[in-house]
Amino acid sequence: MKPKRDLDFKAPASMEEIPFGASFPAGHLVNPNSGYRTFAPKFDYDKCIHCLFCFVYCPEGAISKEGEKLTVDMDYCKGCGICAHECPKKCISMVKEGE
Amino acid sequence: MGTKAFLSANEAAAHGVRLARPKVISAYPITPQTTLVEKLADFIADGQLDSKYMMVESEHSAMASALGVSMMGARVFTASSSQGLLYMCEMLSYVSGARHPVVMADANRSTATPWNIYGDHRDAMAMRDSGFVQLYVESGQEALDTMIQAYKLAEDPQVMLPVMVNLDGFTLTHTYDLVDIPDQDDVDRFLPPFQTKMKLDFDNPQVLCGTIGPAFHTEGRIQQCEAFEVAKKKIAEIDAEYAKMFGRSYHGMYEEYKCEDAEQVLVATGSLAGTTRVVVDELRAEGRKVGMIKLRSFRPFPKEFFASISGKYKALGVTDKSISFGFDGTIYGDVKASMYGNCGTKMANFICGLGGRDVSKDMIVEMFDVLQNLSDGKSEDEVQFIGKRW
Amino acid sequence: MAIVFKDLPDEELIYGQKSCQGCAALLAARLTMKVLGKKTMLACPACCFAATTSVYPESAVFVPNVVTAFPALASTLSGMAVGGEAMGLDDDVTYLGIGGDGGTVDIGLQALSGAAERNENILYICYDNEAYMNTGVQRSGATPYGASTTTTPAGICSKGCDNTFKKSLFEIMAAHRVPYIATASTSYPKDFMEKVAKAKAKKGTKIIHVMAPCPTGWGYSGEKTIEIGKMAVECGLWYLAEYEDGKYKLNMEPKEFKPVETYLKAQKRFKHLKEEDFKRIEGYRDADWERLRRLVQM
């Protein structure tokens, strides 16, 4: 399970809610990174040998190996293409968003 | 009941630190602070103090590691002087903004150039806006007592500000006097162990010293300002509580000495207050109506008090062991500003644009509206944050 | 400890950060935390890592962490380690510092030297993207010869950065006789993570200097981050080594270096370099390797 965004986050509405001494909760995600992305990875699972290069090399950690198939958290994939570039079986292609 | 010993102010301050039981001491040597940190090393070596001693490679690292210690929720102490304090400067602002109750001693010394190891207040005054509470002591006894009070103040949940205890280089740090040393049990009752939620903690993972952009930066600064206002009250309360327990009082933020019927009064700070006290007594014996105001807390500054004595004396002198080049002595500027009520022009202070927050035309109009109110005889807060959220 | 990819935890402890696409600095941090796990207290100074992880209300670091001042990573981290010990925290807590090359070999070097000399119980990871990337690609003490940066722009009168060698953090820290130092690369994740695991198991000051290619500052397309990092090692302009128990060790010694030209030409920052420059860089490389080989024989 990848960390999830705090969809209920509300900006401070009073002095009491201002982060005291610039301290605030660790591991707290509000905005997605999907806006970085022009191309998205698409897996051809038939060719995947589960070598996990993509899982290891992904700077975002957006690829999950928990299930039977590798999956990508599209909230946090930036579409850099490292996974496709490093895949020894060339089973990941980068597809333009919206196509 | 405590014990008595013949101590320099540095040694007395070290006893104060020992009695406050910091878990860690981090320091780098500089004259005239050295005998203070040496004494602490002695206490640890002799088993009188159970602390870890970090012998860091610079003052910058002394304050940075003190921050690291404080972030683990541990009580910490550091000390410096002069160039060393200036070298620490970056970390002072870091510690105060992060609201970590680090207590330090500054053995006040001039700053180069010219190279000079002797005492004045140019080092601490250069740190005026660092966000540290600045207390100045008159004697070794006051150094010891203030060190303990400083921890109580810094760690008060409503305060949470770092404190710098200033003792004049050589004049105090290296001169000896008879000092009462309180018992550990009594100090433990006065100063309980440090407790905080704002620490690095696996059960409550936090970012400390994070980045806060224009959207909420100003409000954090307002919190800091409010803490200084609270500190004004707490300094007096803590001093009163200390007096009850240990029989010695320093009158909170300032002391009025023989001012009641005085015509000429001098404002004095640190060891100069001791000398002035003597002179006041002597001149009084000659029949002259003189008095002294001892300024113990420079930050927070007792501006309400100074405003209240505007017009009270025939003449008021302010001593300064520092200069704000291109203006006046540093304390004089503050005293004058506090007493401005006599100047005939109504004034207000607008603080705005902190941390990159935009200052809009509407806000400028708001400022003119406040000035209009003042001109029409309406009352307004003197210092106002413009563009604050709430 | 051998690292096997399939045994790595799926859980991410650095996640959702706002770095550029293909950023190896944040990859280094992510892989580090995969090995160290949750019992880690993390500090970083002003750098790409801080700027992309800890801007309120976002926090991409899932363990207790602090952003400290630029020169103060090793000193703040020292205070945390000593404070943690004073507060009775468990012995197996890792006090991890993550800082960039400028924050380490330039402005943070004094604090790191002090911490290493005191042998503080810290793990310090320097991700090296070979310039001040967070402030916009200015030259640092780790910028290599010929790199065009915003403060060493290539031009008619300039070949770019004129450092004849990258300041050797590895050798500087070895002179401090700390228990463990390694160089690594994000393009060799197994090697890198095994070094992190080895460092975690040791007491005292541990330092890992990891090469982390930067698409934005180096001028190549983000998907090539791993490839570029491998090219650096294959052509001998970066090396994988360890210093442990007073001994130096090379983890990978190419029999024959690939031409530096291929590596350099793949990056915009070197695009102005000519044949004679490649020769010169190969000369610097060979001298460096001669030193390294001598150290290994010590």
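Each value, and the rule that gives it
- Residues numbered from 1 in each chain as written.
- Chains lettered and ligands numbered in written order.
- Predicted model: local features only at pLDDT ≥ 70, side-chain atom pairs only at ≥ 80, totals over all residues.
- Heavy atoms only, no water.
- Contact = heavy atoms within 4.5 Å.
- Buried area = accessible area lost by both parts, 1.4 Å probe.
- Salt bridge = Lys/Arg side-chain N within 4 Å of Asp/Glu carboxyl O.
- Polar contact = N/O pair within 3.5 Å; in protein donor to acceptor, adjacent residues only side chain to side chain.
- Helix = DSSP H or I, 4+ residues; strand = E, 2+ residues; numbered from the N terminus.
- Nonpolar A, V, L, I, M, F, W, Y, C, P; charged D, E, K, R; others polar.
- pLDDT = per-residue confidence, 0-100.
- Axes fitted to C-alpha atoms, helices over the stretch in contact; angles between N-to-C directions.
- Parallel < 35°, antiparallel > 145°, perpendicular 65-115°, else oblique.
- Left-handed = near helix turned anticlockwise from the far one by under 90°.
- Buried < 20%, exposed > 50% of the residue type's maximum accessible area, 1.4 Å probe, protein only.
- Expected span 1.5 Å × (residues − 1).

1. Notes on the interface of chain B and chain A
Each side of the interface is counted separately: chain B has 20 residues, and chain A has 14 residues. Carbon and sulfur atoms supply 70% of the area that chain B and chain A bury against each other, a total of about 1,500 Å² over both sides. Counting across the interface, chain B meets chain A through zero salt bridges. Where chain B meets chain A, there are six residue pairs in polar contact (both at pLDDT 80 or more). For the side of chain B that touches chain A, the secondary structure elements donating two or more residues are strand E9 (206–208) and helix H8 (214–246) of chain B. Looking at which element gives the most residues to the side of chain B that touches chain A, the answer is H8(B), with six residues. Its residues placed into classes, the side of chain B that touches chain A shows eleven nonpolar, six polar and three charged.

2. Quick word on the interface of chain A and chain C
Much of the literature gives interface size as the accessible area that the parts lose upon coming together. With 43 residues of chain A in contact, the opposing surface of chain C contributes 44 residues. Here chain A and chain C share an interface that buries about 3,300 Å² over both sides, 56% of which is from carbon and sulfur atoms. Per-residue buried area on chain A facing chain C is highest for Phe24(A), Val56(A) and Tyr57(A); these three make up 18% of the total on that side. Here chain A is connected to chain C by two salt bridges. Note that Glu12(C) is salt-bridged to Lys2(A), the shortest N-O span being 3.0 Å. Remark: the boundary between chain A and chain C carries 30 residue pairs in polar contact (both at pLDDT 80 or more). Elements supplying a minimum of two residues to the side of chain A that touches chain C: strand E1 (24–25), helix H1 (53–57), strand E3 (63–64) and helix H2 (82–86) of chain A. Take the side of chain A that touches chain C: its biggest share by element is four residues, from H1(A). Split by residue class, the side of chain A that touches chain C holds 25 nonpolar, nine polar and nine charged.

3. Observations regarding the confidence of the model for chain C
Taken over all residues, the pLDDT of chain C has a mean of 97, while the share at 70 or more is 100%. Interface predicted TM-score (ipTM) for the complex: 0.97; the corresponding pTM is 0.95.

4. Some points on the packing of helix H6 (residues 140–154) of chain B against H8(B)
What describes two packed helices is the angle between their axes and the distance between those same axes. All names here are of chain B. For the pair H6 and H8, the least separation of the axes is 10 Å and the interaxial angle reads 130 degrees. One element, H6, and the other, H8, form an angle in the oblique class. The hand of the H6/H8 crossing is right-handed. Of H8, the residues touching H6 (which contributes Leu-144, Asp-145, Ile-148, Gln-149, Lys-152 and Leu-153) are Ala-231, Lys-234, Ile-235, Ile-238, Asp-239, Glu-241 and Tyr-242. Its residues assigned to classes, the contact of H6 with H8 comprises seven nonpolar, one polar and five charged.

5. Quick notes on helix H9 (residues 225–234) of chain C
Burial analysis of H9(C) places seven of its ten residues in the buried class, which makes it a mostly covered element. When we look at burial in H9(C), the residues that qualify are Thr225(C), Ile226(C), Ile228(C), Gly229(C), Met231(C), Ala232(C) and Val233(C). Next to the buried residues of H9(C) lie H1 and H2 of chain A together with helix H1 (24–36), strand E5 (180–185), helix H8 (215–218) and helix H10 (260–265) of chain C. In the stretch just after H9(C), Gly236(C) is the one whose phi turns positive, near 85 degrees.

6. Comments concerning unusual backbone geometry
At the junction of Ala112(B) and Thr113(B), the peptide bond is cis and its omega measures out at 0 degrees in the coordinates. As for its placement among the helices and strands, Thr113(B) is situated in the loop between strand E5 (103–108) and helix H5 (122–126). That bond from Tyr56(C) to Pro57(C) is cis: its omega, 0 degrees, falls within 30 degrees of zero. Within the fold, Pro57(C) resides in the loop between helix H2 (48–53) and strand E2 (65–67). If you check the backbone angles, Cys209(B) has positive phi at about 55 degrees while not being a glycine. Locating Cys209(B) in the fold gives a position in the loop between E9 and H8. With relative accessibility at 7%, the residue Cys209(B) sits in the buried group.

7. Some details on helix H2 (residues 34–45) of chain B
All names here are of chain B. Helix length check: H2 (twelve residues) gives 16 Å between terminal C-alpha atoms against 16 Å at 1.5 Å per residue, within 8%. Of all the positions in H2, only Thr-34, Leu-36, Val-37, Leu-40 and Phe-43 are classed as buried. At its buried positions, H2 is contacted by helix H1 (9–20), strand E2 (24–27), strand E3 (52–55), strand E4 (76–80) and E5. One or two steps after H2, the chain reaches Gly-47, where phi turns positive at roughly 80 degrees.

8. A few points about the pattern of salt bridges
In total, this model carries 57 salt bridges over all chains according to the counting rule given. A salt bridge links Glu60(A) to Lys78(A), with the nearest nitrogen and oxygen atoms 3.0 Å apart. With Glu60(A) in the loop between H1 and E3 and Lys78(A) in the loop between strand E4 (71–72) and H2, this residue pair connects regions lying 18 residues apart in the sequence. Close ionic contact of Asp281(B) with Lys258(B) constitutes a salt bridge, the shortest N to O distance being 2.6 Å. Of this pair, Asp281(B) sits in helix H9 (residues 271–285) while Lys258(B) sits in the loop between strand E10 (254–257) and strand E11 (264–269); the two residues are 23 residues apart in sequence, bridging distant segments of the chain. Judged by relative accessible area, which is 30%, Asp281(B) ranks as partly exposed. Owing to a relative accessible area of 38%, Lys258(B) belongs among the partly exposed residues under this scheme.

9. Thoughts on the side chain of His15(B)
Residue and element names in this part refer to chain B. Relative to the assigned elements, His-15 resides in helix H1. Looking at His-15, its side chain comes within polar contact range of the side chain of Arg-18, at 3.0 Å. If we ignore the near neighbours within four places in the chain, the residues touching His-15 are Leu-7, Lys-39, Phe-43, Leu-144 and Ile-181.

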